[in-house]
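# Reading the structure
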Amino acid sequence: MSVFKISSLEQYHQQYRESVENPEKFWARIAAHFHWHKQPKNILEWNFDNFDVKWFRDGELNITENCLDRHLADRGETPALIWEPNDPEEHHRVLTYNDLHEKVNQFAQVLKQNGAKKGDRICIYMGMIPELAIAVLACARIGAIHSVIFGGFSAKSISDRLQDAQAAYVITCDGAYRGAKDIPLKEVIDDALIACPFVKRVIVCTRTRRPISMIKGRDVWWEDEIKKVETLGLKNVHPEVMNAEDELFILYTSGSTGKPKGVVHTIGGYMVYTNYSFVNVFQYKPGDVHFCTADIGWITGHSYILYGPLCAGATSLMFEGIPTWPDAGRFWDIVEKYQVNILYTAPTAIRSLMGFGMDHITGKDLSSLKVLGTVGEPINEEAWHWYDNNIGKNNSPVVDTWWQTETGGIMISNIAGITSAKPTFATLPLPGVQPLLVDENGVEIIENNVSGNLCMRAPWPGMLRTTYGDHERCKKTYFSTYPGLYFTGDGATRDDEGNYRITGRVDDVLNVSGHRIGTAEVENAINMHAGVVESAVVGYPHDVKGQGIYAYVIDENTHGDEELTRRDILQTVTRIIGAIAKPDKIQFVSGLPKTRSGKIMRRILRKIAEGETQNLGDTSTLLDPGVVDEIIKGKLV
Ligand code: PRX
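What you see is a predicted model, and the numbers here were worked out from it, not measured in a lab.

Conventions adopted
Residues numbered from 1 in each chain as written. Predicted model: local features only at pLDDT ≥ 70, side-chain atom pairs only at ≥ 80, totals over all residues. Heavy atoms only, no water. Domains from an automatic or database assignment. Contact = heavy atoms within 4.5 Å. Buried area = accessible area lost by both parts, 1.4 Å probe. Salt bridge = Lys/Arg side-chain N within 4 Å of Asp/Glu carboxyl O. Polar contact = N/O pair within 3.5 Å; in protein donor to acceptor, adjacent residues only side chain to side chain. Nonpolar A, V, L, I, M, F, W, Y, C, P; charged D, E, K, R; others polar. 1 Å grid on protein atoms, 1.4 Å probe; cavity = no way out; pocket = protein on both sides within 12 Å on 5 of 7 lines; lining within 4 Å. Points joined across faces, edges and corners; volume = space filled by probe spheres on them. Near = heavy atom within 4 Å. Areas by Shrake-Rupley, 256 points an atom, 1.4 Å probe, with all protein chains shown as cover. Helix = DSSP H or I, 4+ residues; strand = E, 2+ residues; numbered from the N terminus. Pairing = 2+ DSSP bridges. Buried < 20%, exposed > 50% of the residue type's maximum accessible area, 1.4 Å probe, protein only. Phe/Tyr/Trp six-rings, centres within 6.5 Å; stacked < 30°, edge-to-face > 60°.

### Quick word on the domain arrangement of the protein chain
We note that the domain assignment places domain 1 (66–240) and domain 2 (509–633) within the protein chain. The straight-line distance from the C-alpha centre of domain 1 to that of domain 2 is 38 Å. Taken together, the contact between domain 1 and domain 2 spans 6 residues of the former and 7 residues of the latter. Where domain 1 abuts domain 2, roughly 510 Å² becomes buried across the two surfaces, and 57% of that area is made up of carbon and sulfur atoms. Ranking the residues of domain 1 by area buried against domain 2 places Phe153, Ser154 and Lys156 at the top, with a combined share of 56%. Here domain 1 and domain 2 share 0 salt bridges between them. Counting every contact that joins domain 1 to domain 2 gives 5 residue pairs in polar contact (both at pLDDT 80 or more). Split by residue class, the side of domain 1 that touches domain 2 holds 2 nonpolar, 3 polar and 1 charged.

Below, the structure is given as structure tokens:
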């Protein structure tokens, strides 16, 4: 019996038991399935009090050999990446494992020729084209640390991240297509680099061929650099032999403070965990076409477009566009065109497509689908059933996968067709994952069907190791709320069968269309707008996005045109963070409900944004209770 693949309910229980009783033995057996230059003997060292976790610490490897080289003999001609362009009229591309191997090596040579080396931080800001995957893997090939930034972030967000990581290299595109939009990526990078003189090289890949500036001595074209290495006859790069605990990538994510943090993942544990979770949760079988609709700028794309599937030798479909362009049938056209077997998307996409009715689905051949997945936010019952009925035709298990940027891979999920699904429940922990619920005092909640805060009591290989450049912050954020436990920031309940239902964040983090946005970050951005005195941002239920952003703003320009000021504020937020953080509603107020010590009572603001006017809780401790009535009267619908 394979220790890797879970093929029955009994095996799930058995693997789970083993993983808890003897994690070292369990993960050593899983890790033995990979290609190591030096097999690890030292499997796990850990300490949550002074957060220090090391998996496979004496192991040596290169992750790209596991994603590419080891597949060449058996499936060199199997498609590794299928790329579907934004415009359905444009030709798609297929890169076999041989092709991808060649291209990754070539670009790794380019990076080396440009002076990049092991340990360097390389920022990647590109659209969803195969060169993005190639760039990521080429970094890993030479041992450089990639930091992919989602194409929707602004110049200011990019420069903050570049400075934090002290990245000397940037890889970008002239522009990116997303639906009807042509996004000026290089222009944004140029603005970002004004504050980053330490960036010595920008490699620009051609996609939209919009006019861009190319700065002499700093900017070079991807295509020219490839020609140079071809002329020099440079082919395969000897993969850098890395320690399992060397850093693979940094991915910035929002927390409850104003400053995003660089979540750091290391090579060995991340590789083992993403691959193990990919194969098991989706019950991947050789030959399956896997379509994860996420962007590689987020953790889902890292783990389940790239590393997890490629390590498994799977065919991963990468889509440049959006689900609703040229029309709302795009996903279903893609499923039909490539006979997709596994579809992994977000509740927000499902809810948005639900709104377009069945016209775009009827008549499309979705019979290849075997497994449907969701990720990123709680899925409501209606969306779950719609997905199950209309897309899966009640014949494809729906896996609701709960995890986080910090966890590296899926943590709580049903295993397709093996453990039971339960609508709105992420269900059971994967082997190696030990969740528990605690009350606000950190006391474990033993009884079921009670809300609690979701924690983990032991490490798993895919967990973050630090936040870049600030280990104290990492300890404080994840390990100090409940000493001895990793705190997820999520609330959850558990039913009598042990199934977990994630109810959402319990901290000041919003989840808008599956994207994490810190309220403090949005407030900081709003407050930068001239005339804004103060602001408070909360979430409210939104039919498509899951949560919308509601901002209460004190603005001193009371004489001005309110609508214009609102638009100016949106523009400011777009400049400071990016369009993804734009508030859906901005209400101008003369004051905010504060306690006598000056703390904003967000609880009250949240209730008002949700439409509650009566049960606002105790308002007697407020400095100026009158302000609450004013806010209720002015509430935006
Ligand atoms: O609140 C949880 C929610 O998304 C958060 C993690 O966001 P991020 O790091 O951006 O990663 C998203 C993709 C893994 C979690 O703290 N979340 C994620 N998946 C689910 C979910 N909430 C409910 N159900 C899920 N399946």
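### Some thoughts on empty space enclosed by the protein
By the definition in use, this model includes 1 cavity of 30 Å³ or more. Of the pockets and cavities examined, the largest cavity occupies roughly 50 Å³. If you trace the largest cavity, you find it lined by Val148, Ile149, Phe150, Phe153, Arg161, Leu251, Tyr252, Gly297 and Trp298. Its residues placed into classes, the lining of the largest cavity shows 7 nonpolar, 1 polar and 1 charged.

### A closer look at the site of the ligand
Taken together, 17 residues surround the ligand, and among them Asp400, Thr401, Thr405, Asp490 and Arg516 come closest. Take Gly376: an N or O atom from its main chain is 3.1 Å from a nitrogen atom of the ligand. Between Asn511 and the ligand, the recorded distance is 3.4 Å, taken from a side-chain N or O atom to an oxygen atom. When isolated, the ligand has an accessible area of 540 Å², and the protein chains bury 96% of it. Contributions of two or more residues to the shell around the ligand are made by α10 (299–311), β20 (398–401) and β25 (500–505). Here the shell around the ligand is built from residues that sort into 6 nonpolar, 6 polar and 5 charged.

### Re the pairing of β25
Examined bridge by bridge, strand β24 (residues 486–494) and β25 share 5 bridges and lie antiparallel to one another. The residue bridging Arg494 from the neighbouring strand is Tyr500, located in β25. Counted along the chain from β24 to the antiparallel partner β25, the turn is 5 residues long, and its residue Gly498 has a positive phi close to 90 degrees.

### Remarks on the environment of Ala346
By the secondary structure assignment, Ala346 is in the loop between β18 (342–345) and α12 (347–354). Under the relative-accessibility criterion, Ala346 is labelled buried at 18%. Along the backbone, Ala346 and Ser513 are 167 residues apart, and their C-alpha atoms lie at a distance of 8.0 Å. In this structure Ala346 touches Thr293 and Val375, once residues within four positions along its chain are discounted.

### A closer look at the packing of aromatic side chains
As enumerated under the stated definition, the model contains 36 aromatic pairs in all. With a centroid separation of 4.1 Å and 20 degrees between ring planes, the pair formed by Phe51 and Phe479 is classed as stacked. Residue Phe51 is found in the loop between β1 (44–47) and β2 (52–55), and its partner Phe479 is found in helix α14 (residues 471–479); the two are separated by 428 residues along the sequence. Both residues of the pair, Phe51 and Phe479, count as buried. Between Phe150 and Phe153 the ring centres are 6.3 Å apart and the planes differ by 90 degrees, which places this aromatic pair in the edge-to-face class.

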